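Survey of secondary and tertiary structure
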Amino acid sequence: MSLRVVFMGTPDFAVPTLSEIVGQGHDVIAVYTRPPAAAGRGMELKPSPVHTMADRFGIPVLTPKTLRTEEAAEIFRSHEADVAVVVAYGMLLPKAVLDAPELGCLNLHGSLLPRWRGAAPIQRAIMAGDRETGVAVMKMEEGLDTGPVAMVERIAISPDMNAGELHDSMMVLGADLMVRALAALSRGGLGFTPQPEEGVTYAHKLMNEDALIDWSKPAQAVHDHIRGLSPFPGAFFTADFGKGRERVKVLRAALGKGQAEPGTLLDNNGIISCGDGAVRLLQVQRAGKGPVAFDEFLRGVRLGPGARFA
């Protein structure tokens, strides 16, 4: 049975879910997404990826700056939706909106709830060294990712997988999971299980200070930190190349061998000593330049073994 759906999402992660819902024949009557944001060198306003996809489908798009007004709630109720589907929308839904669809609001969340509730579950899972994560469909409540869970799919996090690779796998897996959930919902067969009270962790929004590499940590923790923030926003270190300290992002690394003072470059192959063990830097990026292999980076900055990174 086809459902009347309001879709709410913003980034690339949400696009496959919107496409799958449309492809399964559901009536997407409106799309909510964040307002266009300035981007690029010209800082021109650019619509979100979900906005762009909705335009291709000819679906009406709404970009309210807030949903916490009676006018916004009334507009939302006027859609007379059976269900709202929310995927990385980026805005909390007030009770008036949550209560509007007859069958409630379903959220696709990128973790194995209740672990990693919040804004950055993919990155935080890798940064913590988790070996498994997943996607979950839950019914939304006023609390932050606290609602009962209907369906879950698990995915292994391989030792060198970065956040970008995990993101791309999870957004496809999540799209399939959500359309299966909607199919069950349309038949009246979607059940929900309350989240356990044990094992709750929060994936707090990534801040600038989260990206600075702490070489005093064990090599495994440094490696997990780097891959958890690659390709965006990118873990970074600083070094002096003759004109004061510059930031250098590390986009790819591997575990290495060696030991010295944390942050010391041990050889020309990118081995950097950590608090316990070492990592090998494979791909880095200086500000305003493109990504390069570490050996090419070294030729450009004329550093050698013994150099210190902070």
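Definitions and limits used
- Residues numbered from 1 in each chain as written.
- Predicted model: local features only at pLDDT ≥ 70, side-chain atom pairs only at ≥ 80, totals over all residues.
- Heavy atoms only, no water.
- UniProt positions renumbered as here; feature names shortened; annotations may be inferred.
- Helix = DSSP H or I, 4+ residues; strand = E, 2+ residues; numbered from the N terminus.
- Salt bridge = Lys/Arg side-chain N within 4 Å of Asp/Glu carboxyl O.
- Buried < 20%, exposed > 50% of the residue type's maximum accessible area, 1.4 Å probe, protein only.
- Arc of directions from axis to C-beta.
- Contact = heavy atoms within 4.5 Å.

As a further point, take the UniProt feature "domain: Formyl transferase C-terminal" (unreviewed entry) in the chain. Here the UniProt-annotated "domain: Formyl transferase C-terminal" (unreviewed entry) positions come out as residues 205–301. End C-alpha to end C-alpha, residues 205–301 measures 33 Å, and it is 19% helix and 33% strand.

On to the pattern of salt bridges, then. All told, the structure shown has 12 salt bridges when counted by the stated rule. Between Glu-70 and Arg-77 there is a salt bridge, and its shortest N-O distance comes to 2.4 Å. Residues Glu-74 and Arg-77 are paired through a salt bridge, measuring 3.1 Å at the closest nitrogen-oxygen approach. Highlighted residues: Glu-74 and Arg-77, both in helix 3 (residues 70–78), separated by three residues, approximately one helical turn. Through salt bridges that share partners, Glu-70, Glu-74 and Arg-77 make up one connected network.

The complete set of buried residues in helix 2 (residues 49–57) reads Val-50, His-51, Met-53 and Ala-54. The buried side chains of helix 2 occupy one side of the element, clustering within an arc of 165 degrees when seen end-on. In this structure, the buried side of helix 2 is in contact with strand 1 (4–9), helix 1 (15–23), strand 2 (27–32) and strand 5 (61–62). Once helix 2 finishes, Gly-58 follows within two positions and takes phi at roughly 75 degrees, a positive value.

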